[in-house]
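# Analysis of the macromolecular model
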Amino acid sequence: PASPLPVRFAFCALIGLVCGVVAYVYYAVLEALLEAIWAEIPHALVVGRLPESLHFLYIPAVALPCAVLVGLTIKFLGEPGDLASTVRYVHAKAYVPTEHAMPMTLASQFSILGGGSLGPEAPLVAICASVAGWLARVGAGVREKELVRKYTLCGMACALAAFFGVPLGGSLFALEVNHRFGMEFTEHAIEAVLSGTCCLIVFRGLAGLDIGPIWTFLKAGTEEATQLGASSASLVMMGGAIGVLGGLLAALFAHVHWAILGQLRKVGLLQKPVQLALFGGIGISALGILMPHTMFWGEYEFQTIANGGAAANLPHIWPKGNPLMLDLTSTASAIAIGLGKMLAISFTVSGGYRGGFIFPLFASGAAFGFAFHQLFPSVPLGVSVLCFAAAINVSITRTALASTLILCSLSGEVNASPPVLAASLVALWVTNDMPFIRSQRKREDPDEAWKTVVDQETRNPA
C-alpha cells in the first residue's frame with residue numbers, strides 16, 4: 001500500500017507486457033495445431049482414401065486420442081486446476097501457485113484440439129494469474145497479501161482482455177467472477193484495466209488480430225448485415241423477460257451437469273483421469289457427429305449459430321457434414337442444438353477437460369436466441385441472441401457487467417446494451433441461490449487483509 005502510485009502503475013504495465021507474450025505463445029501454438037489437425041491432415045490423409053460417407057469417423061479419431069492425452073497429463077503432471085480453483089486461490093492465498101501452469105497449458109490445449117466445448121480463456125486466466133503472482137512475490141518481493149492479490153487480479157485481467165479483445169469488459173470479468181453478486185475488489189479495478197490494456201496491445205499486435213466486432217447479424221435469407229437502431233423501453237423489458245428464460249435454461253444445465261457428476265462419482269470415475277477423459281471424449285464425439293454446431297468453444301461458431309447457418313459454414317470442424325447430423329434449419333433444430341451445446345459443455349467439464357465455458361455458454365445462448373427470434377420475429381435477432389447469451393452466461397459466472405460489455409462489443413451492437421444489461425441483471429437475480437462456481441464468495445475484511453503477510457510459500461515459492 002505504501003508503494004507510490006507511479007511504481008504500482010509501472011509494475012501493472014509490466015505484468016501486461018509479460019502476459020501479452022505468454023498469451024501470444026499459447027494462442028500461436030493452439031492456432032497452428034488446430035489448422036494442422038482439423039484442416040491440413042484430413043485433406044492430406046483422409047480425402048480420397050476413405051469413402052465420403054465415413055468421413056465423420058475422423059471426429060472420434062481425433063477426439064479420443066486427445067482425451068487420452070488430457071487424462072495422461074493430469075495423471076502424470078498433476079492437477080491443472082480450473083476457474084473455480086483460480087478463484088479459490090485468489091481468496092485464500094492471493095496468488096495462484098506456479099506448479100499448475102504447465103499441466104494447465106497442456107491439458108487445455110489437448111482439450112481444445114479434441115473439439116471439447118471449452119475455450120482458451122480460463123486456462124489463460126490461470127496461467128497469467130500465476131505469472132503475475134510470481135512476478136510480484138518473487139520478482140518484486142511483495143509481501144502484503146492484498147497487494148499480491150492486486151497483481152494476481154491484474155494477470156487475470158490480462159488474459160481476458162487480450163482474449164476477448166475488450167479491455168474494459170475483460171478486466172471487469174476478472175474482478176466480477178470472484179464473487180456471486182457484484183464486484184467487490186473495487187480498489188484494484190484501475191490497475192487491472194491498465195494491465196489488461198497493455199496485454200491487449202502486446203497480444204493483438206504480435207498475433208496481428210484486429211480489435212473490434214467479430215460477429216454480425218444478418219437479414220433472414222441474405223448476407224446483408226443488420227444493426228439495431230435506437231433501443232426502446234419495450235426492448236429493455238423484453239431483455240428482462242429473456243433474462244428469466246435464460247436463468248431457467250442455466251438452472252437446467254447446472255442440475256443436469258451435477259447429476260452427471262453424481263453418477264460419475266458413484267461409479268468411481270472421478271479419481272481415474274484417463275477413463276474420465278475418455279468418457280468426455282465419447283460424449284463430445286457423439287454430439288459432434290450428430291450436431292456439429294456443438295463442437296469447439298464457440299467464439300467463431302457463434303456467428304454461424306446466431307444466424308441459423310448450416311454446418312457447412314462452421315469454421316473448425318471437419319467434415320462439415322455427415323449423413324447422421326442434425327443441421328440448423330428450423331426453430332426446433334436450433335433449440336435442440338442449444339440443449340446439445342449445454343450437454344457438450346457438461347461432458348467436457350465432467351470429463352476432466354480444462355478450459356473456459358464463457359464462449360461455449362454464449363454459443364448455446366445464440367442457438368436459443370435464434371429460436372426465440374424465429375418464434376417472435378418482432379424481437380430483433382441481435383437483441384434476442386445477445387440477451388440469451390448474456391443471461392445464460394451470467395447465471396453461471398455471475399458477471400453481469402462484464403458479459404454485457406463483452407457481448408455488445410464483439411457484436412458491435414452498442415444500442416443493444418440496455419436490453420442485454422437487463423437480461424444479465426434479471427438472470428443474476430433469478431439464479432441467486434444457484435452457485436455454480438462454488439469458490440465464489442464475499443471478500444475478507446480489507447483492513448485486515450492489508451496487514452496480512454502472504455504465507456510461507458512466498459519465501460520458498462514453487
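### Focus: the overall build of the chain
On a plain count of helices and strands, the chain comes out with 17 helices and 2 strands. Relative to its length of 462 residues, the chain is compact, with a C-alpha radius of gyration of 21 Å against a globular reference of 23 Å. Going through the 462 residues of the chain one by one, you find that 58% of them count as buried. Of the roughly 17,200 Å² that the chain leaves accessible, carbon and sulfur atoms contribute 67%. Considering the chain, the positive charge centre built from 26 side chains and the negative charge centre built from 28 side chains are found 9 Å apart.

### Some points on the layout of surface pockets
The method is simple in principle: a probe with the dimensions of a water molecule rolls over the atoms, and the space it marks as empty is what remains. Estimates place the volume of the largest pocket at around 870 Å³. The wall of the largest pocket is formed by 30 residues, among which D82, A84, H257, L261 and V349 lie closest to the centre. Among the secondary structure elements, those contributing two or more residues to the lining of the largest pocket are α3 (83–92), α9 (233–266), α10 (273–290) and α12 (331–350). Its residues placed into classes, the lining of the largest pocket shows 15 nonpolar, 9 polar and 6 charged.

### Examining the side chain of S108
For S108, the position within the fold is in helix α4 (residues 101–113). Its relative accessible area of 0% is what places S108 among the buried residues. Within the local environment of S108, its side chain forms a polar contact with the side chain of Y26, the two groups lying 2.7 Å apart. Within the local environment of S108, its side chain forms a polar contact with the backbone oxygen of M104, the two atoms lying 2.6 Å apart. Beyond its immediate chain neighbours, meaning those up to four positions away, S108 contacts Y26, P123 and R354.

### Observations concerning the pattern of salt bridges
Counted according to the given criterion, the structure contains 8 salt bridges. Between R8 and E191 there is a salt bridge; the shortest N-O distance is 3.6 Å. Residue R8 is found in helix α1 (residues 5–45), and its partner E191 is found in helix α8 (residues 189–207); the two are separated by 183 residues along the sequence. Taking the relative accessible area as the measure of exposure, R8 reaches 14% and is therefore buried. Taken together, the shared-partner salt bridges in this structure form one network comprising E146, R149, E187 and R443.

### Things to note about the nonpolar core
Within the largest apolar cluster, 129 residues are counted, with the highest numbers of intra-cluster contacts made by I15, W38, F302, F357 and F362. The element contributing the most residues to this core is helix α6 (residues 145–164), with 13 residues. Not counting residues within four places of it along the chain, the set of residues in contact with F362 comprises W215, F302, A389, N393, I406 and L407.

### Some thoughts on the state of the cysteines
Summed over the entire model, instances satisfying the criterion amount to 0 disulfides. Looking at C158, it has no disulfide partner, and the nearest cysteine sulfur is the one in C19, 4.3 Å off.

### Observations concerning the environment of I41
Mapping I41 onto the fold places it in helix α1. Ignoring anything within four residues of it in the chain, the contact list for I41 reads A36, V46 and Y58.

### Digging into empty space enclosed by the protein
In the structure shown here, the tally under the stated rule is 2 cavities of 30 Å³ or more. Estimates place the volume of the largest cavity at around 50 Å³. Lining the largest cavity, in full, are L83, E121, A122, V125, L160, F173, V177, G356, F357 and I358. Class assignment of the residues belonging to the lining of the largest cavity gives a composition of 8 nonpolar, 1 polar and 1 charged. Here the second largest cavity defines a volume of roughly 30 Å³. Lining the second largest cavity, in full, are P80, G81, D82, S85, T86, Y89, V96, H100 and A126. At 3 residues, α3 tops the list of elements feeding residues into the lining of the second largest cavity. When the residues that make up the lining of the second largest cavity are grouped by side-chain class, the tally is 4 nonpolar, 4 polar and 1 charged.

### Description of the packing of aromatic side chains
This model, assessed by the stated rule, comprises 19 aromatic pairs. Residues W38 and Y58 carry aromatic rings whose centres are separated by 5.8 Å and whose planes lie at 90 degrees to one another, so their mutual orientation is edge-to-face. Remark: Y58 occurs in helix α2 (residues 58–77) and W38 occurs in helix α1; sequence separation between them is 20 residues. You can call W38 buried: its relative accessible area is 3%. The exposure class assigned to Y58 is buried, which follows from its relative accessible area of 10%. Between F372 and F376, the aromatic rings sit 4.9 Å apart at their centres with planes inclined by 45 degrees, giving tilted as the arrangement. When its relative accessible area of 11% is taken as the criterion, F372 is described as buried. Through a chain of ring-to-ring contacts, the aromatic side chains of F163, F164, F173, W215, F302, F359 and F362 assemble into a single cluster.

### A closer look at α10
Over its 18 residues, α10 extends 26 Å from the first C-alpha to the last, a length consistent with the 26 Å expected when each residue adds 1.5 Å. Of all the residues in α10, the buried ones are V274, L276, A277, G280, G281, G283, I284, S285, L287, G288 and I289. For α10, the elements touching its buried residues are α2, α9 and α12.

### Observations concerning the confidence of the model for the chain
Detailed reading of predicted coordinates is not advised where the pLDDT is low. For the chain, the mean per-residue pLDDT works out to 94, and 95% of the residues sit at or above 70. Contacts of residues 456–462 to residues separated by more than four positions or lying in other chains number 12 contacts, the stretch itself having pLDDT below 50.

### Here's the deal with a nonpolar patch on the surface
On the surface, a cluster of nonpolar side chains totalling about 550 Å² of accessible area is made up of L69, L72, F76, L77, M102 and L106. Those elements that provide at least two residues to the nonpolar patch are α2 and α4. Ranked by the residues each element gives to the nonpolar patch, the list is headed by α2, at 4 residues. Relative to the helices and strands, L77 resides in helix α2. With a relative accessible area of 43%, L77 lands in the partly exposed category.

What counts, and at which threshold
- Every chain is numbered on its own, with residues counted from 1 as its sequence reads.
- Confidence filtering applies because this is a predicted model: local features only for residues at pLDDT of at least 70, side-chain atom pairs given and counted only at 80 or more, and all residues used for totals across whole chains, interfaces and linings.
- Note that the side-chain values use all heavy atoms of the structure and ignore hydrogens as well as water.
- Working definition: helices are DSSP H or I runs of at least four residues, strands are E runs of at least two. Numbering for both runs from the N terminus.
- Only the C-alpha atoms count toward the radius of gyration. The rule for a globule is 2.2 Å times the residue count to the power 0.38.
- Using a 1.4 Å probe on the protein chains alone, a residue whose accessible area is under 20% of its type maximum counts as buried, one over 50% counts as exposed, and one in between counts as partly exposed.
- The method behind every accessible area is Shrake-Rupley, applied with a 1.4 Å probe, and residues are considered shielded solely by the protein chains displayed.
- In this tally, Asp and Glu contribute negative charge and Lys and Arg positive charge; neither His nor the terminal groups of the chain are included.
- Here the site of a charge means NZ on Lys, CZ on Arg, CG on Asp, or CD on Glu.
- Definitions used throughout: a 1 Å grid over protein atoms alone; a cavity as a set of points that fits a 1.4 Å probe which cannot get out; a pocket as an open set with protein on both sides within 12 Å along at least five of seven lines; a lining residue as one with an atom within 4 Å of a point.
- Grid points are joined across faces, edges and corners, and a volume is the space filled by probe spheres set on the points.
- Classification used: nonpolar for Ala, Val, Leu, Ile, Met, Phe, Trp, Tyr, Cys and Pro, charged for Asp, Glu, Lys and Arg, polar for all others including Gly.
- Within 3.5 Å is the distance limit for a polar contact, defined as a pair of N or O atoms, with the added protein rule that one can donate a hydrogen and the other accept it, and that residues adjacent in sequence qualify only through two side-chain atoms.
- By definition in these notes, contact holds between two residues if any of their heavy atoms fall within 4.5 Å.
- Here, a salt bridge means any Lys or Arg side-chain nitrogen found within 4 Å of an Asp or Glu carboxyl oxygen.
- Only buried residues count toward a nonpolar core. Its members are Ala, Val, Leu, Ile, Met, Phe, Trp, Tyr and Cys residues joined through side-chain atoms within 4.5 Å.
- Disulfides are defined as pairs of cysteine sulfur atoms found within 2.5 Å of each other.
- Pairing of aromatic side chains here covers Phe, Tyr and the six-membered ring of Trp, requires ring centres within 6.5 Å, and sorts the geometry by plane angle: under 30 degrees stacked, over 60 edge-to-face, intermediate tilted.
- A helix is expected to span 1.5 Å multiplied by its residue count minus one.
- Scored from 0 to 100, pLDDT reflects the predictor's confidence in each residue.
- Two distance rules govern patches: like charges are joined within 9 Å, and nonpolar side chains (Val, Leu, Ile, Met, Phe, Trp, Tyr) within 5 Å, applied only to residues with over 30% relative accessible area and no salt bridge.

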